[in-house]
Amino acid sequence: NSTDVIETLMQIHARHLKEMRNVNPTLIHDLQKYHPLIHKKIGERQKENLYRFMPLIKKGVEQGLIRGNINWEIMLWLLKSQFKAVMSDENDVSDKYSTEEFCRTIIFNFLRGIATPLGSEKMDAIIEQLNTQTKNENIETAIYPSHAGGGG
């Protein structure tokens, strides 16, 4: 696959955001409180999933899109800790921002933190393209409401 790593990471990010929309933080809290073994198993699976990124990260370093001087054990721990904090019942700003907004911010900060200047440029281009696409879809929906959803 000739697709660069930044584009792949952005696609994974979009899929992750879609999944996070459906997760109720209360569910996570209840699992932790009433079903600690299941909660622990989910945590182990999430950790495994994070480490599955390593070949992709290595490819990004080779492509000059991701910095090679990163302590990945710390970086992945930080990422996991941030997501855990979002799902915590101690999140005192959760009524002000959606889970999706938290996750988007965490992932963009993560990607910006690992990206080289070239990787950041690619990220900016992808974000601009997505913003333009969304704006065009919103304009089309406003002009042609019967075409909403692309059913044409």
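Everything below is about the structure printed above this text.
Below is a summary of the structure that appears in this document. Please read all numbers here as calculations on a predicted model, not as lab measurements.

### Overview of the overall build of the chain
Point 1. Scanning the chain from N- to C-terminus turns up seven helices and zero strands.
Point 2. Shown N-terminal to C-terminal, the secondary structure of the chain runs as helices and strands in the order α-α-α-α-α-α-α.
Point 3. Buried residues in the chain amount to 27% of all 152 residues.

### Things to note about the packing of aromatic side chains
Point 1. Overall, the coordinates contain one aromatic pair when judged by the stated rule.
Point 2. The interplanar angle of 80° and the centroid separation of 6.1 Å between the aromatic rings of Y97 and F102 together place this pair among those described as edge-to-face.
Point 3. Its relative accessible area of 18% is what places F102 among the buried residues.

### Focus on helix α5 (residues 72-86)
Point 1. Here α5 is 15 residues long and its end C-alpha atoms lie 21 Å apart, about the 21 Å a rise of 1.5 Å per residue gives.
Point 2. What α5 keeps buried is the set W72, M75, L76, L79, F83 and V86. All buried residues of α5 fall inside an arc of 95° around its axis, so they share one side. In α5, the exposed positions that point more than 90 degrees away from the buried face belong to E73, W77 and K84.

### Brief notes about the side chain of D4
Point 1. Mapped onto the elements, D4 comes out in the segment before α1 (5-20).
Point 2. With relative accessibility at 14%, the residue D4 sits in the buried group.
Point 3. At a separation of 2.9 Å, a polar atom in the side chain of D4 contacts the main-chain amide nitrogen of E7.
Point 4. For D4, the side chain forms a polar contact with the side chain of K122, separated by 3.3 Å.

### A look at the pattern of salt bridges
Point 1. Per the counting criterion, the structure on display carries two salt bridges.
Point 2. Across the salt bridge formed by R112 and D124, the nearest N and O atoms sit 2.5 Å from each other. Taken together, the residues R112 in helix α6 (residues 99-114) and D124 in helix α7 (residues 117-143) connect sequence positions twelve residues apart.
Point 3. A relative accessible area of 41% places D124 in the partly exposed class.

### Focus on the nonpolar core
Point 1. With 29 residues, the main nonpolar core has L9, M10, I66, W72, F110, L111 and I114 as its most contacted residues.
Point 2. Counting residues per element, the ones that place at least two in this core are α1, α4 (54-62), α5, α6 and α7.

### Points about the side chain of H13
Point 1. Mapped onto the elements, H13 comes out in helix α1.
Point 2. Taking relative accessible area as the criterion, H13 reaches 7% and is therefore assigned buried.
Point 3. Not counting residues within four places of it along the chain, the set of residues in contact with H13 comprises R104, I107 and F108.

### Things to note about a positive patch on the surface
Point 1. Together, K40, K41, R45 and R52 make up a region of like positive charge exposed at the surface.
Point 2. On the basis of relative accessible area, R52 is assigned to the exposed category, the value being 57%.

Criteria and cut-off values
Every chain begins its residue count from 1, and numbering advances along the sequence as written. Totals for whole chains, interfaces and linings use all residues, but because this is a predicted model, local features are given only for residues with pLDDT of at least 70 and pairs of side-chain atoms are given and counted only at 80 or more. The side-chain figures draw on all heavy atoms in the structure; neither hydrogens nor water molecules are used. Under the scheme used here, helices are H or I runs from DSSP no shorter than 4 residues and strands are E runs no shorter than 2 residues, and both carry numbers assigned from the N terminus. Relative accessible area decides the class of each residue, using a 1.4 Å probe on protein chains only: under 20% of the type maximum gives buried, over 50% gives exposed, and in between gives partly exposed. For this analysis, a ring pair means two rings from Phe, Tyr or Trp (six-membered ring only for Trp) whose centres lie within 6.5 Å, classed as stacked if their planes differ by under 30 degrees, edge-to-face if by over 60, and tilted for the remaining angles. The length a helix should cover is 1.5 Å for every residue beyond the first. This arc describes the spread of directions from the helix axis toward the C-beta atoms. A 3.5 Å cut-off defines polar contacts: any pair of N or O atoms within that distance qualifies, except that in protein one atom must be a possible hydrogen donor and the other a possible acceptor, and neighbouring residues in sequence count only when both atoms are side-chain atoms. Between Lys or Arg on one side and Asp or Glu on the other, a salt bridge is scored when a side-chain nitrogen of the former is within 4 Å of a carboxyl oxygen of the latter. Buried Ala, Val, Leu, Ile, Met, Phe, Trp, Tyr and Cys residues that are joined via side-chain atoms within 4.5 Å together make up what is termed a nonpolar core. Residue contacts follow a heavy-atom distance rule, with two residues in contact if any of their heavy atoms lie within 4.5 Å. Exposure above 30% relative accessible area and the lack of any salt bridge qualify a residue for a patch; like charges then connect within 9 Å, and the nonpolar side chains Val, Leu, Ile, Met, Phe, Trp and Tyr within 5 Å. For accessible areas, the Shrake-Rupley method is used with a probe of radius 1.4 Å. Any residue's cover is judged against the shown protein chains and nothing else. Positive residues here are Lys and Arg, negative ones are Asp and Glu, while His and the chain termini are left out of the count. Working definition for charges: the position is that of NZ of Lys, CZ of Arg, CG of Asp or CD of Glu.

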